[in-house]
Amino acid sequence: MNSYLYLKSGSDIRGAAVETEKGKVELTDEAVFKITVAFCRWLEEKGYKGNRIAVGHDSRISAERIKKQVICGLAQFGKEIYDCSYASTPAMFMTTVDADCIAAVQITASHHPYDKNGLKFFTADGGLNPEDIERILLLADEVTEAESADAKVIEADFMSVYAERLRNMIKSEVNADNYEKPLDGYKIVVDAGNGVGGFYATDVLAPLGADITGSQFLDKDGMFPNHIPNPENKAAMAAICEATVRNKADLGIIFDTDVDRAGCVDENGKEINRNRLVALAAFIALESCKGGTVVTDSVTSTGLTDFINNHLGGVHLRFKRGYRNVINKQIELENEGVPCPLAIETSGHAAFSENYYLDDGAYLITKIVIKMAQLGKEGKKLDALISQLKDPSESLEIRFKITEKDFKAYGLKVIGELEKYAADKKGWRIAEDNYEGIRIYFDAEDIRGWLLLRLSVHDPIMPLNVESDVTGGNSRIINEFNSFIRDYKGLDLSVIENIL
């Protein structure tokens, strides 16, 4: 078995980069060097021609060590290294658009703890797919010792170029009387979680006239001392909600560490996150693409489907979890002639077709800021756009650990047997659009909800998502589900027993 395949995490490479009590370093100097050399060989296999490759990183404490080895690996192929230093992940892709780079390497582990790090690769065609990562890791095992090679390094301030692109978007689309200061009179609070996203406050919003007083954790600190930089984290969202209300801001913004995801908060401190964020992004995307399809991950709500289909006149395609899955489906549909302006996960990954199918948290927020300023001319607020979205009364996620050695086979067995069980169960209705796991609806008046049982792509986990439109409905769904799941000894059922 290949010695580096354990570093594969979907379409990324991730592993421990700092030794802790929990374990030793996985992303060693040798591993990073060999993987980078393998990436260059992969580029040659795919026919990518050109000499300049960009390198950037987030605020993690292992970033400089890893960057040194990336540069050494690129030097083996005589590549010109475009060193962007601190940079967001989406900005690194944009070096292939605006900086004549054939490819880019971003050093990041997204929202994961300080001791983790990883590598994310881009070409001008976008991010890599899981099969590409597997090929690179296989090639890495064939790399021999390094030869002496001088690195040709260009130190670049590409984030300034990227920020200017976003500023120009806002100026052009808002088209305010004060063209250079279209955000004058707005107060916007940004929480960067000590990741890379602080630039959005200082280099995008403030130069356009926005008051960014109250923005927090803009300084880069790879230990992430304040909260996990993750819009899905409850403490992180509570922090930006509180800051937005305390500073009487018009909008609160939160980014993950490397800014490929985002969430926001309205002036009342109410989260525009998960289903509400998808709804707002869909409203914006479908304005210029009437009847278009919006691809989302599998855990989105029934209220969202109703909002997109019946209130926005679009088509909601509920697909699989994983940002590459929703983006690849978006691209597939567009290639088939189906307009698909948006692919978005409830986690905050959002890719607009107009923006190279790139999941870019700052671009998503820029579209929202533009819409806020446009509405402001009419005396309207953002929350009015999604007022018809029906929020569920209750929602939760339970994660069952699989204790069987072959966890994938066992998980698929459970899903298959649940499908057979549900087909004969009165009051249970199997969804027609099961692209991942199995989704079951419960139409009884005292339940009115659904569950989704799926298998984690990489881990021995079976997540169960449950949602109901009535108070107490979730507990009734879980009780119904327990009649099936209680006999499966290959699952750790303590999580559901604690709820029951």
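To keep things clear, this report deals only with the structure shown in the data block. Keep in mind the model is a prediction, meaning the values are calculated, not measured.

1. A look at the overall build of the chain
When helices and strands are tallied, the chain shows 14 helices and 22 strands. Against the compact-globule benchmark of 23 Å for 500 residues, the chain has a radius of gyration of 23 Å, which places it among compact chains. For the chain, contacts bridging at least 24 residues in sequence account for 68% of all contacts bridging at least 6. Counting only carbon and sulfur atoms, one obtains 46% of the accessible surface of the chain, whose full area is about 20,700 Å². Mean positive and mean negative side-chain charge positions of the chain (58 and 78 charges, respectively) differ by 2 Å.

2. Digging into the nonpolar core
A general feature of soluble globular proteins is that nonpolar side chains tend to end up buried together. Among the nonpolar cores identified, the biggest contains 76 residues, and F199, Y200, L205 and I253 are the most heavily contacted of them. Every residue in contact with Y200, bar those within four places of it in the chain, is listed here: L166, I170, L205, I253, F255, A362, I365, T366 and V369. Ranked by size, the runner-up nonpolar core spans 32 residues in total, among them L7, A31, F39 and A103.

3. Overview of the environment of D406
Its location among the elements puts D406 in the loop between strand 18 (394-401) and helix 12 (407-423). Separated by 87 residues in the primary sequence, D406 and L493 have C-alpha atoms spaced 18 Å apart.

4. Thoughts on the state of the cysteines
One pass over the full model with this rule turns up zero disulfides. Unpaired in terms of disulfides, C289 finds its nearest cysteine sulfur in C340, a separation of 8.2 Å. With a relative accessible area of 17%, C289 lands in the buried category.

5. Structural notes on the pattern of salt bridges
Taken as a whole and judged by the stated rule, the model has 28 salt bridges. Of the charged contacts in the structure, one is a salt bridge between E242 and R246, with a shortest N-O distance of 2.8 Å. Of this pair, E242 and R246 both sit in helix 7 (residues 234-246), four residues apart, which is roughly one turn of that helix. Residue R246 is classed as partly exposed on the basis of its relative accessible area of 47%. Several salt bridges converge on common partners, so that one network encompasses E232, D256, R261 and R274.

6. Digging into the packing of helix 8 (residues 275-287) against helix 11 (residues 361-376)
When two helices pack together, their arrangement is captured by the angle between the axes and the distance separating the axes. Running from N to C, helix 8 and helix 11 cross one another at 70°; their axes reach a closest spacing of 11 Å. Relative to helix 11, the element helix 8 is oriented roughly perpendicular. Along the contact surface, helix 8 presents L277, L280, A281, I284 and E287, while helix 11 presents L364, K367, I368 and K371. Split by residue class, the contact of helix 8 with helix 11 holds six nonpolar, no polar and three charged.

7. What about unusual backbone geometry?
With a phi close to 65°, N194 is a non-glycine residue in the positive phi region. Non-glycine residue K248 carries a positive phi angle of around 50°. Considering the arrangement of structural elements, one finds K248 in the loop between helix 7 and strand 10 (251-255).

8. Let's talk about the sheet that holds strand 11 (residues 262-265)
Sheet strands pair by backbone hydrogen bonding; their relative direction is either parallel or antiparallel. Spatially, 9-10-11-12 is the arrangement adopted by the four strands of the open sheet, whose pairing is mixed. Edge positions in the sheet fall to strand 9 (188-191) and strand 12 (271-272), since each of these pairs with one other strand and no more.

9. Observations regarding the packing of helix 5 (residues 158-174) against helix 11
Look at helix 5 against helix 11: their axes get within 9 Å of each other, and the N-to-C directions meet at 25°. One way to sum up the angle between helix 5 and helix 11 is to call them roughly parallel. Between helix 5 and helix 11 the crossing geometry is right-handed. Across from Y162, L166, M169, I170, E173 and V174 in helix 5, the residues of helix 11 making contact are A362, Y363, T366, K367, V369, I370, A373 and Q374.

10. Some points on the packing of aromatic side chains
One pass over the structure, following the stated rule, counts 17 aromatic pairs. Where Y421 meets F484, the ring centres are 5.2 Å apart and the plane angle is 50°; that geometry is what we call tilted. Of this pair, Y421 sits in helix 12 while F484 sits in helix 13 (residues 473-485), and the two are 63 residues apart along the sequence. The exposure class assigned to F484 is buried, which follows from its relative accessible area of 6%. Taken together, the aromatic side chains of F400, Y421, W428, F442, F481, F484 and Y488 make up a single cluster linked through ring pairs. Taking NZ or CZ as reference, R439 lies 3.6 Å from the ring centre of W450, over its face.

11. What to know about empty space enclosed by the protein
Applying the stated criterion across every chain yields a total of three cavities of 30 Å³ or more. Roughly 90 Å³ of volume is contained in the largest cavity. Every element with two or more residues in the lining of the largest cavity is listed here: helix 3 (89-98), strand 6 (116-123), helix 10 (323-335) and strand 17 (358-359). For the second largest cavity, the calculated volume is near 40 Å³. Around the second largest cavity, the lining residues are S298, R318, F319, D433, N434, Y435, E436, R439 and L452. Across the lining of the second largest cavity, the residue classes break down as three nonpolar, two polar and four charged.

12. Quick look at helix 12
With 17 residues, helix 12 extends 24 Å between its outermost C-alpha atoms, agreeing within 8% with the 24 Å of an ideal straight helix rising 1.5 Å per residue. Here the buried face of helix 12 lies against strand 19 (428-430), strand 20 (438-442), strand 21 (449-453), strand 22 (461-468) and helix 13.

13. Describing the sheet that holds strand 17
An order of 14-13-15-16-17 is seen for the five strands of this open sheet, with the pairing classed as mixed. In the strand order of this sheet, the two ends are held by strand 14 (315-318) and strand 17, each with one partner. Two elements, strand 13 (residues 293-296) and strand 15 (residues 342-344), share three bridges in a ladder whose sense is parallel. Along strand 15, the bridge assignment pairs V294 with L342.

14. What about the side chain of K371?
Assignment of secondary structure puts K371 in helix 11. Once residues lying within four places of it in the same chain are set aside, the contact partners of K371 are I284, E287, L382 and L385.

15. So, the side chain of D266
Note that D266 resides in the loop between strand 11 and strand 12. Reaching out from D266, the side chain makes a polar contact with the backbone nitrogen of N268 at a distance of 2.9 Å. Residues contacting D266, with those up to four places away along its chain left out, are T244, D250, I272, R276 and D383.

Rules used throughout
Residues numbered from 1 in each chain as written. Predicted model: local features only at pLDDT ≥ 70, side-chain atom pairs only at ≥ 80, totals over all residues. Heavy atoms only, no water. Helix = DSSP H or I, 4+ residues; strand = E, 2+ residues; numbered from the N terminus. Rg over C-alpha atoms; globule rule 2.2 N^0.38 Å. Contact = heavy atoms within 4.5 Å. Areas by Shrake-Rupley, 256 points an atom, 1.4 Å probe, with all protein chains shown as cover. Lys, Arg positive; Asp, Glu negative; His and termini not counted. Charge placed at Lys NZ, Arg CZ, Asp CG, Glu CD. Core = buried A, V, L, I, M, F, W, Y, C linked by side-chain atoms within 4.5 Å. Buried < 20%, exposed > 50% of the residue type's maximum accessible area, 1.4 Å probe, protein only. Disulfide = S-S within 2.5 Å. Salt bridge = Lys/Arg side-chain N within 4 Å of Asp/Glu carboxyl O. Axes fitted to C-alpha atoms, helices over the stretch in contact; angles between N-to-C directions. Parallel < 35°, antiparallel > 145°, perpendicular 65-115°, else oblique. Nonpolar A, V, L, I, M, F, W, Y, C, P; charged D, E, K, R; others polar. Pairing = 2+ DSSP bridges. Left-handed = near helix turned anticlockwise from the far one by under 90°. Phe/Tyr/Trp six-rings, centres within 6.5 Å; stacked < 30°, edge-to-face > 60°. Lys NZ or Arg CZ within 6 Å of the ring centre and 35° of its normal. 1 Å grid on protein atoms, 1.4 Å probe; cavity = no way out; pocket = protein on both sides within 12 Å on 5 of 7 lines; lining within 4 Å. Points joined across faces, edges and corners; volume = space filled by probe spheres on them. Expected span 1.5 Å × (residues − 1). Polar contact = N/O pair within 3.5 Å; in protein donor to acceptor, adjacent residues only side chain to side chain.

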